[in-house]
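# Structural overview
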Amino acid sequence: MKPNPQSESIRIRFSEKQKKRLLEEKNRTDRSASDIVRQAVDEYFGRKRRA
């Protein structure tokens, strides 16, 4: 996914375990960490909306 020129950058703090898992997924899938986090956020809010 290409960055959207209208998107906003934010900082998020992760535990070492979360960071390790994110980087492992990034390397395994050849996707950016940002793309993985965006997908996770979209899925989280999609579930919340249906609940």
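Residues numbered from 1 in each chain as written. Predicted model: local features only at pLDDT ≥ 70, side-chain atom pairs only at ≥ 80, totals over all residues. Heavy atoms only, no water.

This paragraph deals with the overall build of the protein. Scanning the protein from N- to C-terminus turns up two helices and zero strands. Across the 51 residues in the protein, those meeting the buried criterion constitute 8%. In the form shown here, the protein has an accessible surface area of approximately 5300 Å², with 50% of it arising from carbon and sulfur atoms. (Helix = DSSP H or I, 4+ residues; strand = E, 2+ residues; numbered from the N terminus. Buried < 20%, exposed > 50% of the residue type's maximum accessible area, 1.4 Å probe, protein only. Areas by Shrake-Rupley, 256 points an atom, 1.4 Å probe, with all protein chains shown as cover.)

Right, let's get into the pattern of salt bridges. Scanning the entire structure with this criterion turns up three salt bridges. Close ionic contact of E24 with K20 constitutes a salt bridge, the shortest N to O distance being 2.7 Å. Remark: K20 and E24 occur in helix α1 (residues 16–29); sequence separation between them is four residues, near one turn of the helix. For the salt bridge of D35 with R31, the shortest nitrogen-to-oxygen distance reads 3.0 Å. Using a relative accessible area of 27% as the deciding quantity, one classes R31 as partly exposed. (Salt bridge = Lys/Arg side-chain N within 4 Å of Asp/Glu carboxyl O.)

The space that makes up the second largest pocket amounts to roughly 230 Å³. Along the walls of the second largest pocket sit F14, Q18, R21, L22, V37 and A40, which together make up its complete lining. Those elements giving two or more residues to the lining of the second largest pocket turn out to be α1 and α2 (33–50). The element that contributes the greatest number of residues to the lining of the second largest pocket is α1, accounting for three residues. (1 Å grid on protein atoms, 1.4 Å probe; cavity = no way out; pocket = protein on both sides within 12 Å on 5 of 7 lines; lining within 4 Å. Points joined across faces, edges and corners; volume = space filled by probe spheres on them.)

Mapped onto the secondary structure, E43 falls in helix α2. In terms of polar contacts, E43 uses its side chain to reach the side chain of Q39, at 2.8 Å. (Polar contact = N/O pair within 3.5 Å; in protein donor to acceptor, adjacent residues only side chain to side chain.)

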